[in-house]
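Each chain is listed here by its residues.
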Amino acid sequence: MRCLFYLEWLLHPHFLHALNIESVPSSLVGKKFQLDDVIEAQQFSRDILSAIFQVAREMEKIEKNSPGSQFLKGYLMATLFYEPSTRTRLSFESAMKRLGGEVLTTENAREFSSAAKGETLEDTIRTVEGYSDIIVMRHFESGAARRAATMASIPIINAGDGPGQHPTQALLDVYTIEREIGKLDSIKVGLVGDLANGRTVRSLAYLLSKYQDVKIYFVSPEVVKMKDDIKEYLTSKGVEWEESADLMEVASKCDVVYQTRIQRERFGARIDLYEEAQGKYIVDRDVLGVMQKHAVVMHPLPRLDEITVDVDADPRAAYFRQAKNGLFIRMALLKLLLLGWMRGLNE
Amino acid sequence: MRCLFYLEWLLHPHFLHALNIESVPSSLVGKKFQLDDVIEAQQFSRDILSAIFQVAREMEKIEKNSPGSQFLKGYLMATLFYEPSTRTRLSFESAMKRLGGEVLTTENAREFSSAAKGETLEDTIRTVEGYSDIIVMRHFESGAARRAATMASIPIINAGDGPGQHPTQALLDVYTIEREIGKLDSIKVGLVGDLANGRTVRSLAYLLSKYQDVKIYFVSPEVVKMKDDIKEYLTSKGVEWEESADLMEVASKCDVVYQTRIQRERFGARIDLYEEAQGKYIVDRDVLGVMQKHAVVMHPLPRLDEITVDVDADPRAAYFRQAKNGLFIRMALLKLLLLGWMRGLNE
Amino acid sequence: MRCLFYLEWLLHPHFLHALNIESVPSSLVGKKFQLDDVIEAQQFSRDILSAIFQVAREMEKIEKNSPGSQFLKGYLMATLFYEPSTRTRLSFESAMKRLGGEVLTTENAREFSSAAKGETLEDTIRTVEGYSDIIVMRHFESGAARRAATMASIPIINAGDGPGQHPTQALLDVYTIEREIGKLDSIKVGLVGDLANGRTVRSLAYLLSKYQDVKIYFVSPEVVKMKDDIKEYLTSKGVEWEESADLMEVASKCDVVYQTRIQRERFGARIDLYEEAQGKYIVDRDVLGVMQKHAVVMHPLPRLDEITVDVDADPRAAYFRQAKNGLFIRMALLKLLLLGWMRGLNE
């Protein structure tokens with residue numbers, strides 16, 4: 001889908017003041033942006049991230065039955081989930097409905113749809129785009145979202161395609177850091193847990209490279225260490241990183257401790273390796289004890305016991321706020337893809 | 001969730017007259033009620049039941065596209081069903097939509113959600129409450145709804161938790177008796193069928209104990225007799241009860257014959273016992289023949305052949321009206337939990 | 001459901017001119033129509049088809065947030081699917097929402113609902129009609145829709161009942177021919193592929209017999225030839241037909257080449273027969289090459305490789321437009337069943 005837009009309104013002083021966040025770089029004034037689909041984290045520049053986050057802040061302020069709550073009235077979103085993901089689906093559907101839009105749901109398209117009869121993804125997309133205004137899809141194959149976007153004449157949002165991308169998760173993670181820490185430059189982030197398989201931490205590392213003076217610590221069991229491609233990418237971008245086996249020391253230095261779940265399904269029959277990895281780095285009250293007062297614990301959820309429940313009550317436990325931020329990021333993306341950047345300010 | 005309210009408006013003479021039902025006890029005038037969650041039948045006093053029923057009557061009168069049909073516009077209900085129950089789910093979703101609200105649906109949360117990855121119910125609730133304004137949940141574990149309500153900052157409605165409670169079914173049953181018979185004091189109720197396993201009849205017996213001069217007859221096959229805890233409870237509350245093996249005689253005396261399904265799944269391999277129990281007490285035209293003219297047959301549905309199809313045409317067959325009453329009770333509860341008692345009268 | 005209506009408004013000259021389609025036969029002026037349910041293709045006369053298509057044309061013109069987009073505001077449609085069919089379900093749900101209506105969804109009623117506990121379809125219908133204003137049902141048993149309609153006090157739309165009927169598919173097929181070719185009389189239609197098992201081509205043949213001077217060609221592998229009942233029916237109605245093994249020759253003569261999928265599941269263990277049938281008649285660029293300029297290729301979808309992908313870009317490839325027409329036909333039917341024929345013109 002093609003839609004061009006200007007960012008001039010983002011520079012209105014009153015608006016920026018109200019939001020109290022970093023101003024839009026002057027390089028963007030009058031420049032045409034283009035947001036047709038959301039396919040992968042890499043598509044977003046620092047400037048466009050900043051602009052999306054400003055819209056997300058606007059979304060946080062929308063009240064029930066206010067004009068903003070009807071921004072997407074008359075629009076229809078199809079959630080085409082070839083893999084079930086109740087959490088992600090509900091987050092998108094809530095976002096659409098919070099903006100007055102409507103939803104067509106498929107909870108398990110892989111099993112139920114004509115895909116089971118051998119229809120190609122391309123054909124399914126061409127059919128579903130006749131019924132809806134935007135498609136949010138989750139697929140089991142890496143690259144599926146891009147294939148869909150190539151075919152579709154309406155916007156596609158990738159809600160995860162296999163081991164590939166989950167860009168809205170990456171966006172909400174970065175948005176959460178900005179919301180919690182107040183900045184994205186000059187921060188120290190500890191990525192903990194399964195760094196080999198988690199697409200979340202990989203995307204996050206990628207996006208963090210867009211900011212200045214970022215230091216990343218990798219803390220993971222030996223079997224699920226961060227892979228070389230990301231390390232090399234960070235180095236090439238001038239991002240400092242180091243590996244550490246000492247969670248306490250890392251936690252004491254970081255602004256963000258980003259914990260992840262060790263995914264049992266990655267270990268096959270090697271339950272022994274899983275169990276060893278699973279219990280190795282736990283965020284508990286001891287870890288909280290060494291963390292700085294302004295620092296936060298994040299987690300993409302679901303959480304098993306890699307963060308103990310007694311951490312939840314601490315104000316630095318940001319993971320449920322992080323989940324909620326997913327709602328605002330998705331509201332922002334839906335609005336931007338369907339209405340563009342210009343609408344909504346004076347409505 | 002905390003919400004306080006007054007019941008004064010319920011005493012407005014015009015309103016009471018219009019509804020033509022028993023007036024609110026004067027003990028309630030100006031008294032603060034509190035309805036935060038719907039967890040179990042026991043939480044409702046006689047007074048609060050009466051007040052809920054008044055709101056349900058108001059719900060029956062709401063017409064398409066009238067102001068009342070938009071009471072819950074802008075509100076979002078999540079149906080978090082860990083066990084499928086299409087009937088109950090559709091009833092709640094219809095109730096929400098009849099009031100202008102929106103719905104996020106999970107048809108089979110147990111299999112699909114992050115529960116499958118080991119997430120606790122508490123974590124799921126903390127996530128879903130970020131996406132919605134009220135959660136209707138069905139769970140396979142007794143006590144799950146209470147756990148959810150303890151955690152949640154938004155209202156929880158228990159739509160059944162395992163062998164435990166199904167309070168909205170109990171409410172609609174009592175509401176139906178009042179609607180059909182015109183009173184809840186001085187009535188005779190025959191509970192028939194599976195009295196051991198059916199949570200419906202257990203909850204109903206419990207709620208009936210709140211009324212005066214109620215007589216309950218238990219008519220069931222030997223293997224699924226009413227358990228002692230309920231019998232003792234009734235006795236302690238001064239409710240008369242007796243067991244009988246003679247459905248005809250009981251039917252001739254009762255205001256309500258409440259039939260239930262013998263649940264095959266309770267008998268395991270003992271198909272012989274199931275079949276014996278299943279065919280023992282059937283409500284057919286012969287039973288209708290001895291029933292009083294004002295009496296009714298009720299059933300929580302689904303029905304197999306414990307009520308013969310030729311009973312359906314008789315005006316005393318109340319079970320489909322009973323199902324419909326579930327809609328009005330659920331509309332009333334959604335409105336009360338989301339808007340409180342004060343709103344809606346002059347809108 | 002009973003609803004009577006007049007068709008006089010359809011004759012308003014301005015309206016007819018705007019639509020630029022064949023005028024309503026004068027035999028209909030002032031005549032009472034009756035559209036209570038949509039159960040089978042046979043229920044529609046040529047006149048009523050023409051009237052439905054006029055409404056469908058009106059539906060094509062409804063714009064987002066226009067008054068027409070709120071025609072069904074306040075109405076609730078239940079999709080009761082005992083067999084999953086994501087495509088058909090989404091099409092109906094989109095149609096309802098494009099008209100401002102709301103939807104209660106059951107993606108897999110057979111497995112989840114009380115049907116699994118042994119409830120009859122009739123009881124389910126009596127319950128669900130309490131929650132909704134119209135029921136769209138798909139069932140695995142031929143005749144189920146008729147049984148439901150007999151019981152229900154609200155309209156029933158058959159979205160496919162087993163090997164039986166799928167009337168809305170038949171309607172959208174005929175509508176597509178009219179939209180693409182501009183007429184339904186004096187046309188030549190080639191039905192290609194699985195003519196024995198496809199209910200689509202059977203219904204289409206039936207409906208085409210209502211028009212004048214239609215010639216039908218059957219092109220199919222030996223094992224899935226059109227059955228005698230349809231051939232005899234066509235003959236009795238004076239419709240010319242012939243069988244041919246030469247797709248190229250048929251394609252060069254026809255206005256419509258209607259390709260269908262050979263359904264593997266019909267062949268059981270005889271994979272050899274399936275494979276032979278499956279590859280026999282493919283619509284590719286060679287077939288396009290002999291087709292007339294105004295002719296079109298249709299397909300009920302999903303498509304496997306019986307139409308090659310390089311056909312898609314040709315303007316004569318009408319199958320995705322055909323799928324989209326399903327939306328307009330379903331919008332028309334929902335509007336007609338819920339509002340009747342009179343409403344909507346001046347709104």
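Here is what the cut-offs are and how they apply
Residues numbered from 1 in each chain as written. Chains lettered and ligands numbered in written order. Predicted model: local features only at pLDDT ≥ 70, side-chain atom pairs only at ≥ 80, totals over all residues. Heavy atoms only, no water. Helix = DSSP H or I, 4+ residues; strand = E, 2+ residues; numbered from the N terminus. Buried < 20%, exposed > 50% of the residue type's maximum accessible area, 1.4 Å probe, protein only. Contact = heavy atoms within 4.5 Å. Areas by Shrake-Rupley, 256 points an atom, 1.4 Å probe, with all protein chains shown as cover. Least-squares fit on C-alpha atoms with pLDDT ≥ 70 in both. Domains from an automatic or database assignment. Buried area = accessible area lost by both parts, 1.4 Å probe. Salt bridge = Lys/Arg side-chain N within 4 Å of Asp/Glu carboxyl O. Polar contact = N/O pair within 3.5 Å; in protein donor to acceptor, adjacent residues only side chain to side chain. Nonpolar A, V, L, I, M, F, W, Y, C, P; charged D, E, K, R; others polar. Pairing = 2+ DSSP bridges. Axes fitted to C-alpha atoms, helices over the stretch in contact; angles between N-to-C directions. Arc of directions from axis to C-beta. Expected span 1.5 Å × (residues − 1). Phe/Tyr/Trp six-rings, centres within 6.5 Å; stacked < 30°, edge-to-face > 60°. Lys NZ or Arg CZ within 6 Å of the ring centre and 35° of its normal. pLDDT = per-residue confidence, 0-100. Right-handed = clockwise from strand over helix to strand, strands pointing away. Parallel < 35°, antiparallel > 145°, perpendicular 65-115°, else oblique.

Q: Can you help me understand the overall build of chain A in this one?
A: Along its length, chain A carries 13 helices and eleven strands. For chain A, buried positions account for 63% of its 347 residues. In chain A, 73% of the contacts between residues at least 6 apart in sequence involve partners at least 24 apart. Surface summary for chain A: the accessible area is close to 12900 Å², and the carbon and sulfur share equals 48%.

Q: Explain the relation of the copies chain A and chain C to me, please; I cannot follow it from the model alone.
A: Comparison of the two chain copies shows a relationship of rotation about an axis with a shift along it. Relative to chain C, chain A is turned by 120° and slid 0.0 Å along the rotation axis, the superposed coordinates differing by an RMSD of 0.0 Å. Accordingly, the operation relating the two chain copies is best matched by a three-fold axis. An asymmetric contact is evident, with only 12% of the interface residues of chain A recurring at the interface of chain C.

Q: Where do I start with the domain arrangement of chain A in this structure?
A: Interface size, as often reported, equals the accessible area lost upon joining of the parts. All names here are of chain A. Along its sequence, chain A is carved into domain 1 (62-165) and domain 2 (167-320). Each of domain 1 and domain 2 has a C-alpha centre, and the two are 29 Å apart. Each partner contributes to the interface: domain 1 provides eleven residues, whereas domain 2 provides six residues. Considering only the surface of domain 1 that becomes buried against domain 2, R87, N158 and Q165 emerge as the three largest contributors, covering 56% of it. For the pair domain 1 and domain 2, the number of links is zero salt bridges. Taken together, the connections running from domain 1 to domain 2 amount to one residue pair in polar contact (both at pLDDT 80 or more). Among the elements that take part in the side of domain 1 that touches domain 2, strand β6 (residues 156-161) stands out by supplying four residues, more than any other. Taken together, the residues that form the side of domain 1 that touches domain 2 break down as three nonpolar, five polar and three charged.

Q: Even after reading the chapter, I still don't get the sheet that holds strand β4 (residues 102-106) of chain B, so can you show me in this structure?
A: Each strand in a sheet pairs with another by means of backbone hydrogen bonds, the pair being arranged parallel or else antiparallel. Spatial strand order, β4-β3-β5-β6 (chain B): four strands in an open sheet with parallel pairing. On the outer flanks of this sheet lie β4 and β6 (156-161) of chain B, each paired with one strand and no other. Strand-to-strand twist of the sheet, defined as the mean angle between neighbouring strand axes without regard to direction, takes the value 15°. Across five bridges, the pairing between strand β3 (residues 76-81) of chain B and strand β5 (residues 134-139) of chain B is parallel. Bridge pairing in β5 of chain B links F81 of chain B to R138 of chain B. Each of β3 and β4 of chain B touches helix α3 (residues 86-98) of chain A; the most contacted strand, β4 of chain B, lies at about 170° to it.

Q: Help me understand the pattern of salt bridges in this model?
A: Pairing between side chains becomes possible if they bear opposite charge and their charged atoms approach one another. For the structure shown, the criterion picks out 72 salt bridges over all chains. Residue E222 of chain B pairs with K225 of chain B through a salt bridge whose shortest N-O separation is 3.7 Å. The salt bridge involving R303 of chain C is made with D312 of chain C; its shortest N-O contact spans 2.8 Å. For R303 of chain C, a relative accessible area of 3% translates into the label buried. On the basis of relative accessible area, D312 of chain C is assigned to the buried category, the value being 15%. Taken together, the shared-partner salt bridges connect E222, K225, D228, K231 and E243 of chain A into one network.

Q: Would you explain helix α11 (residues 271-278) of chain A in this entry?
A: Owing to its 3.6 residues per turn, the α-helix brings residues three or four apart onto one side. Turning to α11 of chain A, its buried residues number three or more, namely Y274, A277 and Q278 of chain A. For α11 of chain A, the angular spread of buried residues about the axis comes to 95°, placing them on one side.

Q: Can you walk me through helix α13 (residues 319-339) of chain B in this structure?
A: Across its 21 residues, α13 of chain B extends 30 Å between first and last C-alpha, which sits within 8% of the 30 Å expected from 1.5 Å per residue. G340 of chain B sits one or two residues past α13 of chain B and shows a positive phi near 80°.

Q: Any chance you could explain the interface of chain B and chain A here in plain terms?
A: Residue-level contacts link 25 residues of chain B with 26 residues of chain A. At the boundary of chain B with chain A, the tally comes to five salt bridges. Of the charged contacts, one joins K97 of chain A and E102 of chain B as a salt bridge, the two residues approaching to 3.1 Å between their closest N and O atoms. Counting every contact that joins chain B to chain A gives eleven residue pairs in polar contact (both at pLDDT 80 or more). For the side of chain B that touches chain A, the secondary structure elements donating two or more residues are β4 and α5 (121-128) of chain B. The dominant element in the side of chain B that touches chain A, judged by the number of residues it contributes, is β4 of chain B, at five residues.

Q: Please explain the packing of aromatic side chains as it appears in this structure.
A: Ring pairs (aromatic) are described by centroid distance and by the angle formed between their planes. This model, assessed by the stated rule, comprises 18 aromatic pairs over all chains. The lysine or arginine in question, K64 of chain A, covers the ring of Y75 of chain B, its NZ or CZ lying 4.9 Å from the ring centre.

Q: I'm lost on the interface of chain A and chain C in this one. Help?
A: With 25 residues of chain A at the interface, the matching set in chain C holds 26 residues. The contact between chain A and chain C buries some 2400 Å² in all, and 53% of this surface belongs to carbon and sulfur atoms. If you look at where chain A meets chain C, you find five salt bridges. On inspection of chain A and its partner chain C, the count reaches eleven residue pairs in polar contact (both at pLDDT 80 or more). At the level of elements, β4 (102-106) and α5 (121-128) of chain A are the ones that each hand at least two residues to the side of chain A that touches chain C. Considering every element that reaches the side of chain A that touches chain C, the biggest residue donor is β4 of chain A, with five residues. Of the residues assigned to the side of chain A that touches chain C, the class counts are seven nonpolar, ten polar and eight charged.

Q: Looking at this structure, how should I read the pairing of β4 of chain A?
A: Consecutive side chains of a regular strand alternate in pointing toward one face of the sheet and then the other. Residues and elements named next belong to chain A. Within β4, four of the five residues are buried, which leaves the element mostly enclosed by the surrounding structure. Relative to β4, strand β3 (residues 76-81) runs parallel, the two being bridged by five bridges. Looking at β4, one finds that T79 is bridged to T105.

Q: How should the sheet that holds strand β4 (residues 102-106) of chain C be read in this particular structure?
A: Residue and element names in this part refer to chain C. Taken in spatial order, the four strands make up an open sheet running β4-β3-β5-β6, and their pairing is parallel. The two strands at the open ends of the sheet, each matched to only one other strand, are β4 and β6 (156-161). Strand-to-strand, the axes of this sheet are offset by a mean angle of 15°, without reference to chain direction. Lying on the sheet, helix α5 (residues 121-128) is in contact with β3 (76-81), β5 (134-139) and β6; it crosses β5 at an angle near 150°. Strands in contact with helix α6 (residues 144-151) are β5 and β6; relative to β6, the strand with the most contacts, it is inclined by about 165°.

Q: Looking at this structure, I do not really get the side chain of E119 of chain A. What am I missing?
A: Mapped onto the elements, E119 of chain A comes out in the loop between α4 (109-112) and α5. Looking at E119 of chain A, its side chain comes within polar contact range of the side chain of T124 of chain A, at 2.6 Å. For E119 of chain A, the side chain forms a polar contact with the side chain of R87 of chain C, separated by 2.3 Å.

Q: Honestly, the relation of the copies chain B and chain A in this entry has me stumped. Any pointers?
A: Superposing chain B onto chain A takes a rotation of 120° combined with a translation of 0.0 Å along the rotation axis, leaving an RMSD of 0.0 Å. Interface overlap between copies is the fraction of interface residues in one copy that are interface residues in the other; for chain B against chain A it is only 12%, indicating separate surfaces.

Q: Is there a simple way to think about the confidence of the model for chain A in this case?
A: Regions with low pLDDT carry predicted coordinates that are not meant to be interpreted in detail. Averaged over every residue, the pLDDT of chain A is 88; the share at 70 or more is 87%. For this predicted complex, the interface confidence comes out at an ipTM of 0.89, alongside a pTM of 0.90.

Q: Honestly, the pairing of strand β9 (residues 240-243) of chain A in this entry has me stumped. Any pointers?
A: All names here are of chain A. Bridge count for strand β8 (residues 215-219) against β9 is four bridges, and the pairing is parallel. Of the residues in β9, the one forming a bridge with Y217 is E242. With helix α9 (residues 228-236) bridging β8 and the parallel β9, this β-α-β connection has right-handed handedness.

Q: How do you make sense of the packing of helix α2 (residues 46-60) of chain A against helix α7 (residues 167-181) of chain A when you look at a structure like this?
A: Packed helix pairs are characterised by how far apart their axes lie and by the angle those axes make with each other. Residues and elements named next belong to chain A. At a closest axis distance of 11 Å, the pairing of α2 and α7 adopts a crossing angle of 75°. It follows that α2 is roughly perpendicular to α7 by the angle criterion. Only L171, V174, Y175, E178 and R179 of α7 make contact with α2, whose side of the interface consists of L49, F53, A56, R57 and E60. Split into classes, the residues belonging to the contact of α2 with α7 amount to six nonpolar, no polar and four charged.

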